[in-house]
Amino acid sequence: MRGTTPGRHWTRLVADPTAAAVLAVRDALAALAPGAPSAAALAGETIRVLLRARAGGAVSPERVRTAVAAVPADTDLGSAYELLLGAQRAGRGTFYTPPWLVDLLLDQALDPVLDEAGDDPAALLALRVCDPTCGSGRFLAAAVRRLASRLRRAGHQDPVTAAAGCVHGVDIDPVAVEIARAALPTGVRLRVADALRPLPGLDGACDVVVGNPPFRSRLRRGGYAEVPPEVDGVALGPYTDLSAAVLLRGAALLAPGGRLALVQPRALLSARDAGPVRRAVNDRAALVGLWAGTRPVFPGTPVLTCAPVLRRGAVGGGTVRVIEDGGPAREVAAPQDGWGRLLAEHPYPVPGLAHRRRLGEEARVTADFRDQYYGLVGCVVEGGEHSAGPDSPALLTSGTIDPAYAAWGERPTRFARRDWQHPVVPLSGLEPAMARWAAARTVPKLLLATQGRVLEAVADETGTWLPGVPVLSVVAPPHRLWHLLAALLSPVLTAHAAAEYAGSALAASAVKLSATQVADLPLPDPGRAWDAAADAARRAQEDAGNRAAHLLAAATLTTQAYGADPALVGWWVVRAERSVPGIGREWERSLSSRG
C-alpha cells in the first residue's frame, strides 16, 4: 500500500467504524513513504474529519473512539485537536491552558490536599480530583502524575493506575472526551455531561476541583454552551460569563475541606453581574488564594485572567494569598465584599468612603450601547477645524478624552472601522429615535472615558459634544459641573475605582467603570478645599498650556477634601503622566518647594 493516500481511509473510518476500516488505516500509516505526513498530521486529519462530520450531525462516542484508536499511541491528539479548533475557539469560548498555568493551579489546589494526606496510601486513594470542563485532559494528566508520585513514595505497587482511578473529567464535547480517554492512563473516570447541571457521584464529594472553563457571555448565543439564567438557585445577570457559572457549580462539587482553583476572566473580581456568583461562592467556601495575570495568557484574545482559590469549610475574613504573574506571594486581608480590592496597588486606604454622599445624588450618569453606536453609523461626517456647533455636535470618543482636555481634531480617532480627524454628527440627518437621543445628550455635562490608568473626564458646558460608545455622560446642573469634574479627576476616586473594580478593564492597570458604578462614587466633603479644586479643574481645561500645574493643584485639594493621605497624590501622578504630559515635573517642583 506504499504511496496510498491515507485521507480516504480516514473518511472511510468515520463513515464505517469497523475493524476492517481500522486495519486499513493502520496499514496506510505503516506503509507511508519517507517524507509523508507525520503521525501528528494524520491525527489532525482524523480530528478534522470528525469535526466535519460533527458539523453535519452528531458523531457517536463509539465512532470517535474507533477513529482515535487508529492513531499511533505516541501521537499528541490533544494538541492536534486544540490547534485544529483554530477560529472556532472564540465562538466556543475555549482557550487551552499552557503547562505553566496548569502547574500553578495544581500547586495551589492539589498539592495542599496531597500534603494533608501525607504518605498514607489509604488517604491518598480516597481523594477525588475533578476537572468539570476537562477538554482533552491537560489538568487531568498532570493531576495523575502528581498523585502517582505521592503513591509511589508511599510504596504503592501500581501508582499510575491507582492515581487514575481518583481522577474525574467532565466535558460537554464528546470529541474532546474521547481524545482525553485515549491520551490519559486507563482508569481515569470520564463522562460527557454539562458541568452546569447536577453531577451524581461528584456533587459535594470532590477534594480538588481544578480547570479552565470556557469564557462566554450569556448575550452570545450558539457555540460551546448557553449560560442558563439560573444555576443552583442563583439568578445570573445578562452579562454573567459561562466561566463564572462553572465556578459556582465547582464550589458545589467540593467536599468539606476541598479546594478549588479555576481559571476565570479578571472581570470576575469586580464585574457587577458576577456579584451574585461571588456572594454565593462566599457562602459555600472561603477565598484563600488568588492568582492574577497582568498580561493576556491565551493567544488571540486580550482577556486578562485570574484564578481564585477556594476552600470549603475554611473560615472567611482571614487573609488571602495573592500572586500576580510570577511575582512573590503576599498575604492580603480578605475583603468583605468584592474581590477586586485584593489587587489594589496603593497602600493609602481612605476611611469613611462608604458613608459619603454619592455622585448619583447630584448627577444623572448614562451609558450608551450598540443601538446608539449603530444608530450613528452613516450619520457621522468629516468636518473641518471649526465645523462643530449646535447643529453638528462633535463626536468625542474615548481616545480624544484626557483629564480636563478634549483632543477632538488634534489626534485621529476611530469610529465605524475608519479614521476621523474632525468627526461631527449633523442632527438633521438622524432618525427620530437617534434625534431624541442626541437631544438628551446635547446638554451641559461631563464626558467620562473608560480604560485609562486614571479617570479621564472633560466638561461640556455648552452641550455641543456627543459621546461615542463607550464614553459615559454625567449630566448635572451647570453650576456643579466643575465640582464634579474635580471629584472625578481626584486621586481618591481613581484609587477607589482601581481597588473596587480591579480586573474589569482590558489592561491590568486600567480603570473601567459602568454608569451604575460611577453614580455610586463617593463625593468629597463640601467646603473650601472642594471649591478651590473646582476652580483649579476649570483652569486646567481653559488654560491648556498650564494644564498639568492646575490639575496637580486640583488633585492636591480634592485629596485634602476627602481627608486622604497626601501621599496618594504621588501615586496618582505616576499613573497620570501618560495622559497629562508634564505633571511629573510639576510634582517634583512641588516637592522641591516644600523641602
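Participant: How do you make sense of the overall build of the protein when you look at a structure like this?
Facilitator: Helices and strands together make up the secondary structure of the protein, namely 22 helices and 24 strands. In the protein, buried positions account for 54% of the 595 residues. When contacts within the protein are restricted to residue pairs at least 6 apart in sequence, long-range pairs at least 24 apart make up 72% of them.

Participant: Hey, could you run me through the nonpolar core in this one?
Facilitator: Within soluble globular proteins, side chains that are nonpolar generally end up buried alongside one another. With 57 residues, the main nonpolar core has Leu488 and Val518 as its most contacted residues. Considering every element that reaches this core, the biggest residue donor is helix H16 (residues 481-488), with seven residues. In this structure Val518 touches Leu359, Val365, Leu448, Leu472, Val474, Leu488 and Leu513, once residues within four positions along its chain are discounted. Ranked by size, the runner-up nonpolar core spans 43 residues in total, among them Leu105, Val113, Leu184 and Phe215.

Participant: Would you mind showing me how to read unusual backbone geometry here?
Facilitator: Residues apart from glycine generally show negative phi values, whereas peptide bonds are mostly found in trans. The omega angle of the peptide bond from Val469 to Pro470 is 15°, so this bond is cis rather than trans. Take Pro470: it is sitting in the loop between strand E23 (465-467) and strand E24 (472-475). The phi torsion at Ala416 lies on the positive side, around 50°, for a residue other than glycine. Within the fold, Ala416 resides in the loop between strand E18 (413-415) and strand E19 (418-420). For Ala416, a relative accessible area of 28% gives the class partly exposed.

Participant: Looking at this model, I keep getting lost on the pairing of strand E4 (residues 206-211). Mind explaining?
Facilitator: Moving residue by residue along a regular strand, the side chains alternate between the two faces of the sheet. Across the six residues of E4, six count as buried, placing the element largely inside the fold. Where strand E1 (residues 129-131) meets E4, two bridges bridge the pair, whose relative direction is parallel. When the sheet's bridge partners are listed, Val129 is paired in E4 with Val208. Judged from the five bridges that link them, E4 and strand E7 (residues 254-262) form a sheet pairing that is parallel. Paired with Val209 across the two strands is Leu260, which belongs to E7.

Participant: Would you take a moment to explain the pattern of salt bridges for this structure?
Facilitator: Pairs can form between side chains of opposite charge whenever their charged atoms are close. Applying the stated rule across the entire model yields 25 salt bridges. For Arg146, the salt bridge goes to Asp107, with nearest N and O atoms at 2.8 Å. With a gap of 39 residues between them, Arg146 in helix H9 (residues 138-153) and Asp107 in helix H7 (residues 99-117) connect regions that are remote in the sequence. Among the ionic contacts, a cluster of salt bridges with common partners joins Asp103, Asp107, Asp111 and Arg146.

Participant: Sorry if this is basic, but what is going on with the packing of helix H17 (residues 491-500) against helix H21 (residues 567-576) here?
Facilitator: Helix-helix packing is characterised by the crossing angle of the two axes and by the distance between the axes. Two numbers describe how H17 lies on H21: the axes approach to 9 Å, and their chain directions differ by 75°. As far as their axial angle goes, H21 and H17 are roughly perpendicular. Seen from H17, the contacting residues are Pro491, Val492, Thr494, Ala495 and Ala498; seen from H21, they are Leu568, Val569, Trp571, Trp572 and Arg575. For the contact of H17 with H21, the residue count by class is eight nonpolar, one polar and one charged.

Participant: Even after reading the chapter, I still don't get the sheet that holds E24, so can you show me in this structure?
Facilitator: Hydrogen bonds between backbone atoms are what pair the strands of a sheet, whose relative direction is either parallel or antiparallel. On the basis of which strands lie adjacent, the open sheet formed by four strands has the order E13-E24-E21-E22 and antiparallel pairing. Two strands bound the open sheet, and with one partner strand each, they are strand E13 (364-366) and strand E22 (456-460). Averaged over all pairs of adjacent strands, the angle between strand axes in this sheet comes to 20°, irrespective of strand direction. When E13 meets E24, the two strands line up antiparallel, connected through three bridges. Within E24, the position partnered with Val365 by the bridge is Val474. Of the strands in this sheet, strand E21 (445-449), E22 and E24 touch H16, which is tilted by about 170° from E22.

Participant: Can you walk me through the side chain of His496 in this structure?
Facilitator: Tracing the backbone through its elements, the reader meets His496 in helix H17. Once you skip the residues sitting within four places of it in the chain, His496 turns out to touch Leu353, Leu521 and Pro522.

Participant: Which parts of the structure should I look at to understand H16?
Facilitator: Count 3.6 residues to each turn of an α-helix, and residues three or four apart come out pointing the same way. Most of H16 is tucked away, with eight of its eight residues classed as buried. Every buried residue of H16 is listed here: Leu481, Trp482, His483, Leu484, Leu485, Ala486, Ala487 and Leu488.

Participant: Explain the environment of Ala576 here, please?
Facilitator: Take Ala576: it is sitting in helix H21. Taking the C-alpha atoms as reference points, Ala576 and Asp402, 174 residues apart in sequence, are found 9.5 Å from one another. Discounting chain neighbours no more than four positions away, the residues touching Ala576 are Val454 and Ile583.

Participant: What should I look at first to understand the packing of aromatic side chains in this one?
Facilitator: All told, the structure shown has three aromatic pairs when counted by the stated rule. Seen from their ring centres, Tyr373 and Tyr374 are 5.1 Å apart, and the 90° between their planes marks the pair as edge-to-face. By relative accessible area, Tyr373 is classed as partly exposed at 24%. When its relative accessible area of 52% is taken as the criterion, Tyr374 is described as exposed. Measuring from centroid to centroid gives 5.0 Å for Tyr373 and Phe415, while their planes differ by 55°, and the two rings are tilted. With Tyr373 in helix H14 (residues 370-376) and Phe415 in strand E18, this residue pair connects regions lying 42 residues apart in the sequence. The class for Phe415 is buried, based on a relative accessible area of 6%. A cation sits over an aromatic face here: Arg418 above Trp420, 3.7 Å from the ring centre. Taking NZ or CZ as reference, Arg480 lies 5.0 Å from the ring centre of Trp530, over its face.

Participant: What is the right way to look at the confidence of the model for the protein in this model?
Facilitator: Keep in mind that low pLDDT regions are not for reading the predicted coordinates in detail. Here the protein averages 83 in pLDDT, and 79% of its residues register 70 or above. Within the model, the stretch residues 53-57 combines pLDDT values under 50 with eight contacts to residues more than four positions away or in other chains. Segment residues 86-90 is flagged for pLDDT under 50; beyond a separation of four residues in sequence, or across chains, it makes nine contacts in the model.

Participant: Where do I start with the packing of H7 against H9 in this structure?
Facilitator: As a packed pair, H7 and H9 sit with axes 10 Å apart at the nearest point and diverge in direction by 40°. Between H7 and H9, the angle falls in the class oblique. For the crossing formed where H7 meets H9, the hand is right-handed. On H9, the residues touching Pro99, Val102, Asp103, Leu105, Leu106, Asp107, Leu110, Asp111, Leu114 and Asp115 of H7 are Arg138, Phe139, Ala142, Ala143, Arg146, Leu147 and Arg150. By residue class, the composition of the contact of H7 with H9 is 10 nonpolar, no polar and seven charged.

Basis of the calculations
Residues numbered from 1 in each chain as written. Predicted model: local features only at pLDDT ≥ 70, side-chain atom pairs only at ≥ 80, totals over all residues. Heavy atoms only, no water. Helix = DSSP H or I, 4+ residues; strand = E, 2+ residues; numbered from the N terminus. Buried < 20%, exposed > 50% of the residue type's maximum accessible area, 1.4 Å probe, protein only. Contact = heavy atoms within 4.5 Å. Core = buried A, V, L, I, M, F, W, Y, C linked by side-chain atoms within 4.5 Å. Pairing = 2+ DSSP bridges. Salt bridge = Lys/Arg side-chain N within 4 Å of Asp/Glu carboxyl O. Axes fitted to C-alpha atoms, helices over the stretch in contact; angles between N-to-C directions. Parallel < 35°, antiparallel > 145°, perpendicular 65-115°, else oblique. Nonpolar A, V, L, I, M, F, W, Y, C, P; charged D, E, K, R; others polar. Phe/Tyr/Trp six-rings, centres within 6.5 Å; stacked < 30°, edge-to-face > 60°. Lys NZ or Arg CZ within 6 Å of the ring centre and 35° of its normal. pLDDT = per-residue confidence, 0-100. Left-handed = near helix turned anticlockwise from the far one by under 90°.

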